Amino acid sequence: RFPKISFLKVIFVQRPQGHFTPLPEPTVVMSEGWHCLHIYYRVNQAALLAIAPPDRAHGRAEVIEILNPQGDYVPARMQVSVVSGHRADLGLMLMDADPLKIDAVVQRLRASHLGTVLEPTYSFVSITEVSEYVPTPEQYAERLQREGTSADSPAFQAKLNAYRQRLPAMNQQRLYPDFPPFPVMTFYPMNKARHPLANWYDEPFSVRGALMAEHATSGIKFAGRVSQLITASTGFDDWEWGVTLWSRMPEYVKEIVYTMRFDKASARYAEFGPFYVSYIMSAREALEHLRV
């Protein structure tokens with residue numbers, strides 16, 4: 001028999017000069033921000049017709065309950081939409097600090113009476129973040145001066161103070177977003193190019209920051225018409241970012257994407273994946289629309 005060996009739960013990392021910093025406990029829960037999942041389903045009509053009508057009705061009720069969850073497994077955010085086009089019928093967007101709460105919804109759908117009817121066709125895994133290109137107040141002050149606003153002017157102080165006041169709320173929305181009350185949603189993944197003649201990652205941070213500032217200025221013009229969320233997927237999926245757009249009207253989606261493609265950050269360095277356009281509904285409305 002060997003004696004029991006107890007292991008310390010706290011791991012230390014040695015820093016220069018003999019200092020040690022404790023690492024946090026291992027966990028799947030985000031320390032800041034949320035996990036995010038976009039997942040799209042196609043309705044398998046043959047599988048639907050193979051289910052007896054009473055079981056089909058039970059399955060509908062079951063799916064509606066799953067997509068209107070209650071209890072401990074409820075994700076912090078969940079949105080249901082009907083997808084336009086042939087690639088999918090039903091779209092879900094789920095967000096939570098715990099990825100297993102998100103996956104619990106997916107697994108409950110799979111195990112439901114309509115589990116063979118709702119076939120996943122595409123998914124995208126990402127996390128929320130505050131981008132490195134979001135300027136600090138000091139960087140914003142430097143930008144104002146580069147744009148010609150004197151540091152001694154009342155306008156400079158007014159703009160800087162306003163930015164300081166709204167920055168915490170903006171970062172909170174980036175990390176823990178509320179879904180806007182808009183009926184149209186578009187999702188697409190994207191990368192920054194690594195071509196020999198257009199490699200985003202070869203550019204110095206100052207250049208990348210200036211290009212992203214121009215890009216953000218283009219997007220601000222659509223305030224009130226389009227709401228945007230950028231989630232990070234480096235290390236989580238095949239693309240580097242996921243872009244979710246909610247719009248007040250369908251044509252605003254085309255307008256903002258077209259307008260921002262002329263910015264150098266996009267025109268020279270952006271690579272886009274598939275676009276999924278969908279329309280927000282309740283779970284009950286979505287199933288009725290899809291004739292499920």
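Above this note sits the structure.
Below you will find a few notes about this structure. Keep in mind that this is a model prediction, so the values were computed, not measured.

Calculation notes
Along each chain, residue indices are assigned from 1 in the same order as the chain's sequence is written. Residues qualify for local features only when their pLDDT is at least 70, as the model is predicted, and side-chain atom pairs are given and counted only at 80 or more; totals for whole chains, interfaces and linings, by contrast, use all residues. Calculation of side-chain values draws on the structure's entire complement of heavy atoms; hydrogens and water are dropped beforehand. Helix and strand definitions follow DSSP, with helices as H or I runs of at least four residues and strands as E runs of at least two, each counted in order from the N terminus. Using a 1.4 Å probe on the protein chains alone, a residue whose accessible area is under 20% of its type maximum counts as buried, one over 50% counts as exposed, and one in between counts as partly exposed. To be clear on the numbers: accessible area is Shrake-Rupley with a 1.4 Å probe, and residue cover counts the displayed protein chains and nothing else. For every element, the axis is a line fit to its C-alpha atoms; helices are fit only across the contacting stretch, and the angle between N-to-C directions ranges from 0 to 180 degrees. For classification, angles of less than 35 degrees are called roughly parallel, those exceeding 145 degrees roughly antiparallel, those between 65 and 115 degrees roughly perpendicular, and all remaining angles oblique. Two residues qualify as a contact provided that any one of their heavy atoms is within 4.5 Å of a heavy atom in the partner residue. Asp, Glu, Lys and Arg are counted as charged, while Ala, Val, Leu, Ile, Met, Phe, Trp, Tyr, Cys and Pro are counted as nonpolar; the rest, among them Gly, fall into the polar class. Take the far helix as your reference; a near helix turned counterclockwise from it by less than a right angle gives a left-handed crossing, and one turned clockwise gives a right-handed crossing. Two rings from Phe, Tyr or Trp (for Trp, the six-membered ring) form a pair when their centres are within 6.5 Å of each other. A pair whose planes differ by under 30 degrees is stacked, one over 60 is edge-to-face, and the rest are tilted. Only lysine NZ and arginine CZ atoms are considered, and such an atom sits over a ring when it is within 6 Å of the ring centre and within 35 degrees of the ring normal. Side-chain atoms alone can form a polar contact between residues adjacent in sequence; in general such a contact is a pair of N or O atoms within 3.5 Å, and within protein one must be able to donate a hydrogen while the other accepts it. The salt bridge definition used is simple: a Lys or Arg side-chain nitrogen within 4 Å of an Asp or Glu carboxyl oxygen. Side-chain atoms within 4.5 Å link the members of a nonpolar core, which is a set of buried Ala, Val, Leu, Ile, Met, Phe, Trp, Tyr and Cys residues.

## Quick word on the overall build of the protein
1) Next: On a plain count of helices and strands, the protein comes out with nine helices and 13 strands.
2) Next: Referenced to the eigenvectors of the C-alpha coordinate spread, the extents of the protein come out at roughly 75 × 70 × 40 Å.
3) Next: Taken over 292 residues, the protein has a buried fraction of 42%.
4) Next: Here the protein has roughly 16,900 Å² of accessible surface; of this, 56% comes from carbon and sulfur atoms.

## Considerations on unusual backbone geometry
1) Next: If you check the backbone angles, arginine 291 has positive phi at about 60 degrees while not being a glycine.
2) Next: Within the secondary structure, arginine 291 sits in the segment after helix H9 (283-289).

## Some thoughts on the packing of helix H2 (residues 53-66) against helix H3 (residues 99-111)
1) Next: Running from N to C, H2 and H3 cross one another at 180 degrees; their axes reach a closest spacing of 10 Å. Relative to H3, H2 is oriented roughly antiparallel. For the pair formed by H2 and H3, the contact residues are Val63, Glu65 and Ile66 on the first element and Val105, Arg108 and Leu109 on the second.
2) Next: Within the contact of H2 with H3, the residues separate by chemical class into four nonpolar, no polar and two charged.

## Considering the packing of helix H4 (residues 137-146) against helix H5 (residues 154-175)
1) Next: Two elements in contact, H4 and H5, have axes separated by 10 Å at closest approach and are oriented at 150 degrees. The chirality of how H4 crosses H5 is right-handed. Here Pro137, Tyr140, Ala141, Leu144 and Gln145 of H4 come into contact with H5, specifically with Phe156, Lys159, Leu160, Tyr163, Arg164, Arg166 and Leu167.

## Quick notes on the environment of methionine 190
1) Next: You can see methionine 190 is positioned in strand E7 (residues 184-192).
2) Next: According to the relative accessible area criterion, methionine 190 is buried, its value standing at 12%.
3) Next: Separated by 86 residues in sequence, methionine 190 and alanine 104 have C-alpha atoms that sit 27 Å apart.
4) Next: Apart from the residues within four sequence positions on either side, methionine 190 is in contact with Trp239, Glu240, Trp241, Val243, Ala270, Glu271 and Phe272.

## Considerations on the packing of aromatic side chains
Centre distance and the angle of the planes are the two values used to describe a pair of aromatic rings.
1) Next: Evaluation of the coordinates by the stated rule reveals 14 aromatic pairs.
2) Next: A centroid spacing of 4.1 Å and a plane angle of 10 degrees characterise the contact between tyrosine 140 and tyrosine 163, whose relative ring orientation is stacked. Taken as a pair, tyrosine 140 in helix H4 and tyrosine 163 in helix H5 lie far apart in primary sequence, 23 residues in all. There is no split in this pair, since tyrosine 140 and tyrosine 163 are both buried.
3) Next: Aromatic pair tryptophan 200 and tyrosine 269: ring centres 5.2 Å apart, planes at 70 degrees, arrangement edge-to-face. In this pair, tryptophan 200 sits in the loop between strand E9 (198-199) and helix H6 (205-220) while tyrosine 269 sits in the loop between helix H8 (264-267) and strand E12 (270-272), placing the two residues 69 residues apart along the sequence.
4) Next: Over the ring of tryptophan 200 we find lysine 192, and its NZ or CZ is 4.4 Å from the ring centre.

## Considering the side chain of serine 81
1) Next: Take serine 81: it is sitting in strand E4 (residues 77-83).
2) Next: Within polar-contact distance, the side chain of serine 81 engages the side chain of serine 278 at 2.9 Å.
3) Next: Serine 81 has contacts with Asp89, Leu90, Gly91, Ser278, Tyr279, Ile280 and Met281, leaving out every residue within four places of it along the chain.

## Points about the environment of threonine 231
1) Next: Looking at the element boundaries, threonine 231 is found in strand E10 (residues 226-232).
2) Next: Between the C-alpha atom of threonine 231 and that of isoleucine 280, which follows or precedes it by 49 residues, the distance is 20 Å.
3) Next: With near-sequence residues (within four places) excluded, threonine 231 lies in contact with Cys36, Ser126, Ile127, Thr128, Glu240, Trp241 and Gly242.
4) Next: Among the polar contacts made by the side chain of threonine 231, one reaches the side chain of serine 126 at a distance of 2.8 Å.

## Things to note about the pattern of salt bridges
1) Next: What the rule picks out here adds up to three salt bridges.
2) Next: The salt bridge partner of arginine 77 is aspartate 178, with a shortest N-O separation of 2.5 Å. Within this pair, whereas arginine 77 is found in strand E4, its partner aspartate 178 is found in the loop between H5 and E7, the two being separated by 101 residues in sequence.
3) Next: You can call arginine 77 partly exposed: its relative accessible area is 22%.
4) Next: Between arginine 225 and glutamate 255 there is a salt bridge, and its shortest N-O distance comes to 3.5 Å.

## Comments concerning the nonpolar core
1) Next: Core analysis: the largest hydrophobic core is formed by 32 residues, its most contacted members being Tyr40, Met93, Met95, Leu245, Trp246 and Ile256.
2) Next: For this core, the elements supplying multiple residues, two or more each, are strand E3 (35-43), strand E5 (90-96), strand E6 (118-128), E7, E10, strand E11 (241-247) and helix H7 (250-260).
3) Next: Among residues more than four places away in sequence, those in contact with tryptophan 246 are Gln79, Met93, Phe179, Pro180, Phe182, Val184, Met185, Arg225, Val226, Ser227 and Leu229.
4) Next: Residues Leu37, Leu92, Val105 and Val292 belong to the second largest nonpolar core, which totals 29 residues.

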